[in-house]
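# Examining the three-dimensional arrangement
Single-letter residue listing:
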Amino acid sequence: MKDLILFFLLISLFIPKNVLPQQKRNIDSLQKAYRQMPNDTSKVGILSELYYGTYHNDLDLAEKYARESLRLSEKLDYPMGVAQSLYMMGSFHNTQINNDSAEVYLKKAFALYSELDYERGIFISNHLMGAIANRLGRYQKALEIFTTCIENRIKVGDSMKLAGTYIHRSNVHENMGNHRIAYNDVLSALEIYNEIDQPLWKADALYQLGVLDAIFKNYEKAADYSVQAFKIYEQYGDKKFMGTSANGIGAYYLKLGEFEKAITYLNKSISLCKEVNLAAFEGAAKRHLGMVYMKQKKYNEGIATLKDALAVNRKSGPPIQLVSSLKAIGQAHNEINDPKQALIYFNEAITIQEEKAIDGNPAEFYEGKAKSLELLKDYKGAFASFKKFKILNDSVFNSNKVKQIEELRTIYDTEKKERQIAFQEKEITVLEQKAEISNLQKLLMGIGLLLSLIGFYAIRQKMKRNRLEKEKVDAELEFKKKELTTHALNLARKNETLENLKLKAQELKEKENMGAGYNQLIRSINFDLQDDNNWENFSRYFEEVHKDFNSRVKSKYPQVTSNELRLLALLKMNLSSKEIANILNISPEGIKKARYRLRKKLDLSTEDSLQDLVLSL
């Protein structure tokens, strides 16, 4: 869902939304003026206004105006009108996810704008090509375009386009797995929109914050941001974005288990998407609505709605939406104990995924297929699908881990660059101060005062160097803390995943006579769960951040065992009991007992806080 939503938020960041309310009121008068005007360049300008005025509520009509503008501009031999018309056609095809057509029109627009030396046209056409590169997976190219655009907009002081570019770059970072960098870019955009009072653009930033919060599983915040965005779109009558945001809100309420709210917003989304001809979002909203009905155990309504979603996705929309609906309806048929039908949908999803090389996690299809085969008592086939699921899921896990490490590296490099820039700025300030002092020295003519100034300057310089060195050390320590936290959480997630796989394998083992294969799988999982290398790597990171913690504990409490020392280290990081349990590979109840025994050994009363004691060490 998030790829589709983020894409749609981006497609119109350079469509002038600020004219939407006015154009809505004046559309009739513009059409009347268009019919009465002669075929000249002014008429081309009216067609452009009509395009932007109808873009948000009637795409078919908007395309008609763009084509007419292009035809008339070519007839009049009006280069600026041709360039603008080509850009409008490119933005229309971009909205329809016709990537090839969009790129053809935008490249022509970019070339013509360049010949005319029209800076704004060069910027917006190049910018939209960056958005398409992002959607096609050419992330590095897109990142280069948007980073250059940000630097350019900062130089010229163009706040509106700067904020829009932050949102575009946020989406690229999100696709690259750099979630925190993406979040910071959206916050930068939102800050600008608040300052320049642009409600509709602010709504886009709010909605994308919601999407990113959903990735972090903060569904309440995601819903809150998205509802704020929806209300702004509703205030301005922007039906297209009302439809897309209502779909997202419904999906978040589905995750939160607030089914009635989800149904309300999803029905709104379906109605609005039909009205403005957004088939991809109509299909997504129907899929989410069907999933809500299944959660409510309204199986007939759920299956029927999911079939409607599938029918819409077969006719229109990107393949990722089609495989999402196939997965959802396959899971639904498993739930109503119809595994034969479920297998048909899962197999089709797998075929499409492989043929079209769709981004996403195909492991989920094999997990569903394993469940179907298990229900059919084909345990051998179930085991084969389960093994495929495990291989693919491990691959995704490792890929995500690499992305997280790469994100930390990117954050570190970015912060390092920012520190270098700050240092250079301080050096410039120092040089300016030095020049001022030099001029003052010439005026004073007093050797004593001159020496005093030099001494004072030397002290100030030493203070500045000390401060910069401290900032550098603090930044390095903060980076190590991020590494430590990421390593700990990755370790917890890995152990939790392995434990779930182990339980699943044991469950399947009890249902068939292939104990040897399952025992081998379980032994492999146990080996990973008990691998001391993971803890040694964690300990190395921990000691770099919390120097001498272990030695202080042993000195003060020599009776503490090595396992209790591990528990104290994890408490020092302020991790939750569940995360500690996953890392130590014991049950949450075992954590409670371990904490109780540790409190007794440390001679703590019921009023004393174990957490406060650990943090003070």
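Quantities reported herein were computed from a predicted structural model and do not represent experimental measurements. (Residues numbered from 1 in each chain as written. Predicted model: local features only at pLDDT ≥ 70, side-chain atom pairs only at ≥ 80, totals over all residues. Heavy atoms only, no water.)

### What about the overall build of the protein?
Put simply, the rule is: Only DSSP runs of H or I with at least four residues qualify as helices, and only runs of E with at least two residues qualify as strands; both kinds are numbered from the N terminus onward. In this description, contact between two residues means that some pair of their heavy atoms is separated by no more than 4.5 Å. Areas reported as accessible are Shrake-Rupley estimates using a 1.4 Å probe. Residue values count occlusion only from the protein chains shown.
Looking only at helices and strands, the protein features 28 helices and zero strands. For the protein, restricting intrachain contacts to residue pairs at least 6 apart in sequence, the fraction spanning at least 24 positions comes to 63%. For the protein, the accessible area works out to roughly 30900 Å², and carbon and sulfur atoms hold 51% of it.

### Thoughts on the side chain of S170
Selection criterion: Identification of polar contacts relies on pairs of N or O atoms within 3.5 Å, with a donor-acceptor requirement for protein atoms, meaning one able to donate a hydrogen and the other able to accept it, and with residues adjacent in sequence counted only if both atoms are side-chain atoms.
Position of S170 among the secondary structure elements: in helix α9 (residues 159-175). Of the polar contacts made by the side chain of S170, one reaches the side chain of Q208; its length is 3.1 Å. If we skip the residues at most four places from it in the chain, S170 touches A182, D185, V186, Q208 and L212.

### What to know about unusual backbone geometry
Even without a glycine there, the phi angle at D77 is positive, about 55°. Note that D77 resides in the loop between α4 (59-76) and α5 (79-95). Even without glycine at this site, K217 takes up a positive phi of about 65°. Within the secondary structure layout, K217 lies in the loop between α11 (199-215) and α12 (219-235).

### Regarding the environment of R135
Operational definition: In this scheme, a residue with accessible area under 20% of its type's maximum is buried, one over 50% is exposed, and one in between is partly exposed, where area comes from a 1.4 Å probe on protein chains only.
Along the polypeptide, R135 turns up in helix α7 (residues 119-135). For R135, a relative accessible area of 23% corresponds to the partly exposed category. In this structure, the C-alpha to C-alpha distance between R135 and N175, residues 40 residues apart in sequence, is 8.9 Å. Side chain to side chain, R135 and N99 meet in a polar contact 2.5 Å long.

### Let's talk about the pattern of salt bridges
Worth spelling out the cut-off: Here a salt bridge means any side-chain nitrogen of Lys or Arg lying within 4 Å of a carboxyl oxygen belonging to Asp or Glu.
In this structure the tally under the stated criterion is eleven salt bridges. K261 is the salt-bridge partner of E258, the closest N and O atoms lying 3.1 Å from each other.

### Examining the packing of helix α17 (residues 319-335) against helix α19 (residues 363-375)
Defined as follows: Every angle, taken between N-to-C directions, lies between 0 and 180 degrees, and every axis is a line fitted to C-alpha atoms, over only the stretch in contact when it is a helix. Orientation categories follow fixed angle ranges, with anything under 35 degrees roughly parallel, anything over 145 roughly antiparallel, 65 to 115 roughly perpendicular, and all other angles oblique. In this scheme the crossing of two helices becomes right-handed for a clockwise turn of the near helix relative to the far one and left-handed for an anticlockwise turn of less than a right angle. The nonpolar class holds Ala, Val, Leu, Ile, Met, Phe, Trp, Tyr, Cys and Pro. Asp, Glu, Lys and Arg form the charged class, and all remaining residues, Gly among them, are polar.
In the contact formed by α17 and α19, the axes pass within 10 Å of each other and the chain directions differ by 25°. Considering their axes alone, α17 and α19 lie roughly parallel with respect to each other. The two elements α17 and α19 cross, and the hand of that crossing is left-handed. Contacts from V323, K327 and N334 of α17 reach α19 at E364, F365, G368, K371, S372 and L375. Taken together, the residues of the contact of α17 with α19 sort by class into three nonpolar, three polar and three charged.

### A closer look at the packing of aromatic side chains
What counts is decided by this rule: Paired rings are identified among Phe, Tyr and Trp, the last through its six-membered ring, by centres lying within 6.5 Å, and are further divided according to the angle between planes into stacked (under 30 degrees), edge-to-face (over 60) and tilted (the rest). Look at NZ for Lys and CZ for Arg. If either is within 6 Å of the ring centre and within 35 degrees of the ring normal, a charge sits over the ring.
Tallied over the entire structure, the rule returns eight aromatic pairs. Judged by centre distance (5.6 Å) and plane angle (45°), the ring pair of Y113 and Y118 falls under tilted. With a relative accessible area of 0%, Y113 lands in the buried category. Judged by its relative accessible area of 31%, Y118 is partly exposed. Judged by centre distance (6.3 Å) and plane angle (25°), the rings of Y193 and W201 are stacked. Overall, Y193 belongs to the buried group, its relative accessible area being 1%. In this structure, K43 packs its charged tip against the face of Y34, placed 4.6 Å from the ring centre. Just above the ring of Y265 sits the side chain of K268; from NZ or CZ to the centre is 5.0 Å.

### Overview of the nonpolar core
Operational definition: We call a set of buried Ala, Val, Leu, Ile, Met, Phe, Trp, Tyr and Cys residues a nonpolar core when their side-chain atoms join them within 4.5 Å.
Within the largest apolar cluster, 48 residues are counted, with the highest numbers of intra-cluster contacts made by Y193, Y233, Y252, Y253 and Y265. Considering each element in turn, this core owes the most residues, ten residues, to α11. Residues I46, A66, A83 and I145 belong to the second largest nonpolar core, which totals 46 residues.

### With respect to the packing of α11 against helix α13 (residues 239-256)
Any two packed helices are characterised by the angle at which their axes cross and by the distance between the axes. Here α11 crosses α13 at 25°, and the two axes come no closer than 11 Å. Comparing the axis directions of α11 and α13 gives the class roughly parallel. As α11 runs across α13, the sense of the crossing is left-handed. In this structure, α11 contributes D204, Y207, G210, V211 and A214 to the contact, and α13 contributes F241, T244, S245, G248, I249 and Y252. Of the residues that constitute the contact of α11 with α13, the class distribution is six nonpolar, four polar and one charged.

### Some words on the environment of F230
Tracing the backbone shows F230 in helix α12. With eleven residues separating them along the chain, F230 and F241 place their C-alpha atoms 7.6 Å apart. In contact with F230, not counting residues within four places along its chain, are M242, S245, A246, I249, Y265 and K268.

### Quick notes on the side chain of K572
In this structure, K572 sits in helix α25 (residues 562-572). When neighbours within four sequence positions are excluded, K572 is seen to be in contact with F542, H546, F549, V614, L615 and L617.

### Things to note about a positive patch on the surface
Just so we agree on the cut-off: Patch definition: residues above 30% relative accessible area lacking any salt bridge, with like charges linked at up to 9 Å and the nonpolar side chains Val, Leu, Ile, Met, Phe, Trp and Tyr linked at up to 5 Å. Neither His nor the chain ends is counted toward charge; the positive residues are Lys and Arg and the negative residues Asp and Glu. Each charge is placed at NZ for Lys, CZ for Arg, CG for Asp and CD for Glu.
There is a patch of like positive charges on the surface, built from K217, K255, K295 and K297. Here K297 shows up in the loop between α15 (279-295) and α16 (299-315). Taking the relative accessible area as the measure of exposure, K297 reaches 58% and is therefore exposed.

### Comments concerning α7
Short version of the rule: Every helix has an expected span of 1.5 Å times one less than the residues it contains.
Its 17 residues place the ends of α7 25 Å apart at the C-alpha level, agreeing with the 24 Å of an ideal helix rising 1.5 Å per residue. By the criterion of burial, α7 is predominantly enclosed, with twelve of the 17 residues buried. Within α7, burial applies to G121, F123, I124, S125, H127, L128, M129, G130, A131, I132, A133 and N134.

### Digging into helix α6 (residues 99-116)
Spanning 18 residues, α6 covers 25 Å between terminal C-alpha atoms, matching the ideal 26 Å at 1.5 Å per step. Along α6, the residues classified as buried are N99, A102, E103, Y105, L106, A109, L112 and Y113. The secondary structure elements touched by the buried residues of α6 are α4, α5 and α7. Count one or two residues on from α6 and you reach D117, which has phi positive near 55°.

### Observations concerning the environment of L392
Within the secondary structure layout, L392 lies in helix α20 (residues 379-444). Distance in space between the C-alpha atoms of L392 and E364 is 8.9 Å, their sequence separation being 28 residues.

### Considerations on the confidence of the model for the protein
Formally: Values of pLDDT, ranging from 0 to 100, describe the predictor's confidence in every residue of the model.
Per-residue confidence for the protein averages 78 on the pLDDT scale, and 71% of its residues sit at or above 70. Per-residue pLDDT, averaged within each element of the protein, yields its smallest value for helix α1 (residues 2-10) (44) and its largest for helix α14 (residues 259-275) (95). Low confidence marks residues 1-16, where pLDDT is under 50. Its contacts with residues over four positions away, or in another chain, come to 74 contacts. Here residues 18-23 is a poorly scored stretch, pLDDT under 50, and it has ten contacts once near neighbours within four places are set aside; other chains count.

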